[in-house]
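Structural features, examined
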Amino acid sequence: MNLRTCTFAGHSCVYSASVSMCLEREIEAFLSDADCAVFYVGGRGDFDRMAAAAVRVAMKRHEDKKIQLYLVEPYMHSGLNRDKDYNEDHYSGIIIPQELIGIHPKAAITRRNRWMVDQSDLLIAFVQRDFGGAYETMKYAIKKRKEKRAAIVVLDMPLLDTR
């Protein structure tokens with residue numbers, strides 16, 4: 001059985017509908033040689049919602065494969081109870097990495113992103129500027145790629161000029 005893991009990093013605001021199509025294409029390529037796949041999403045913005053939706057499309061398309069989608073939270077919060085029914089319907093489960101317990105909430109998101117990269121064979125990233133959480137996660141993945149044979153796919157979208 002060939003198990004592969006994938007995570008995502010992208011901006012909280014996405015202004016292009018074509019990102020969804022790019023996500024679906026990259027997920028299909030990722031699944032082409034996997035019998036089982038685990039996907040980790042952070043659930044914090046537009047890109048995370050698009051990534052989760054694209055994974056759900058793949059789950060329906062590939063019912064012959066064991067595909068799981070996990071929401072990875074950086075800490076406990078009231079929304080987990082408030083959105084319990086939604087989360088149970090849309091995710092295979094919720095993970096709060098043990099390593100994040102006791103970490104200050106401002107640092108926990110960055111640490112959660114690094115945890116997801118560390119668990120994954122592939123990072124699919126949507127990064128259009130050289131600052132912010134998605135950019136820092138991509139930089140971390142590039143560094144980690146040298147240590148283990150993980151891959152990074154940056155969605156082929158034009159960069160925004162932020163200067």
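Before any of the text, the structure's been laid out above.
All values reported here derive from a predicted model rather than from experimental measurement. (Residues numbered from 1 in each chain as written. Predicted model: local features only at pLDDT ≥ 70, side-chain atom pairs only at ≥ 80, totals over all residues. Heavy atoms only, no water.)

**Let's talk about the packing of aromatic side chains**
Here the distance between the centres and the angle between the planes together describe a pair of aromatic rings. Within this structure, the stated rule accounts for six aromatic pairs. When the ring of Phe 8 is compared with that of Phe 39, the centres are 6.1 Å apart and the planes differ by 15°; the resulting orientation is stacked. Here Phe 39 lies in strand E2 (residues 36–41) and Phe 8 lies in strand E1 (residues 3–10), a separation of 31 residues in the sequence. Site record: aromatic cluster; members linked through ring pairs are Phe 8, Phe 30, Phe 39, Phe 47 and Phe 126. (Phe/Tyr/Trp six-rings, centres within 6.5 Å; stacked < 30°, edge-to-face > 60°. Helix = DSSP H or I, 4+ residues; strand = E, 2+ residues; numbered from the N terminus.)

**Let's talk about the packing of helix H1 (residues 18–31) against helix H2 (residues 46–61)**
Helix packing geometry: the angle between the two helix axes and the distance between the axes. The interhelical angle for the contact between H1 and H2, taken along N-to-C directions, is 50°, at an axis separation of 9 Å. Viewed along their axes, H1 and H2 adopt a mutual orientation that is oblique. Of the two possible hands of crossing, H1 and H2 adopt the one that is right-handed. Contact with H1, carried on its side by Val 19, Ser 20, Leu 23, Glu 24, Ile 27, Glu 28 and Leu 31, involves Phe 47, Met 50, Ala 51, Ala 54, Val 55, Val 57, Ala 58 and Arg 61 of H2 and no other residues of that element. A breakdown of the residues in the contact of H1 with H2 according to their chemical character gives 11 nonpolar, one polar and three charged. (Axes fitted to C-alpha atoms, helices over the stretch in contact; angles between N-to-C directions. Parallel < 35°, antiparallel > 145°, perpendicular 65-115°, else oblique. Left-handed = near helix turned anticlockwise from the far one by under 90°. Contact = heavy atoms within 4.5 Å. Nonpolar A, V, L, I, M, F, W, Y, C, P; charged D, E, K, R; others polar.)

**Here's the deal with the pairing of E2**
E2 sits mainly inside the fold: six of its six residues count as buried. Residues Cys 36, Val 38 and Tyr 40 of E2 are buried on one face, and the alternating residues Ala 37, Phe 39 and Val 41, pointing to the opposite face, are buried as well. Pairing of E1 with E2, which is carried by five bridges, proceeds in the parallel orientation. When the sheet's bridge partners are listed, Arg 4 is paired in E2 with Ala 37. Between the parallel elements E1 and E2, the chain passes through H1 in a crossover that is right-handed. Strand direction decides the pairing type here: E2 and strand E3 (residues 66–72), joined by six bridges, are parallel. When the bridges of E3 are listed, Cys 36 appears paired with Lys 66. The handedness of the E2 to E3 crossover, carried by H2, is right-handed. (Buried < 20%, exposed > 50% of the residue type's maximum accessible area, 1.4 Å probe, protein only. Pairing = 2+ DSSP bridges. Right-handed = clockwise from strand over helix to strand, strands pointing away.)

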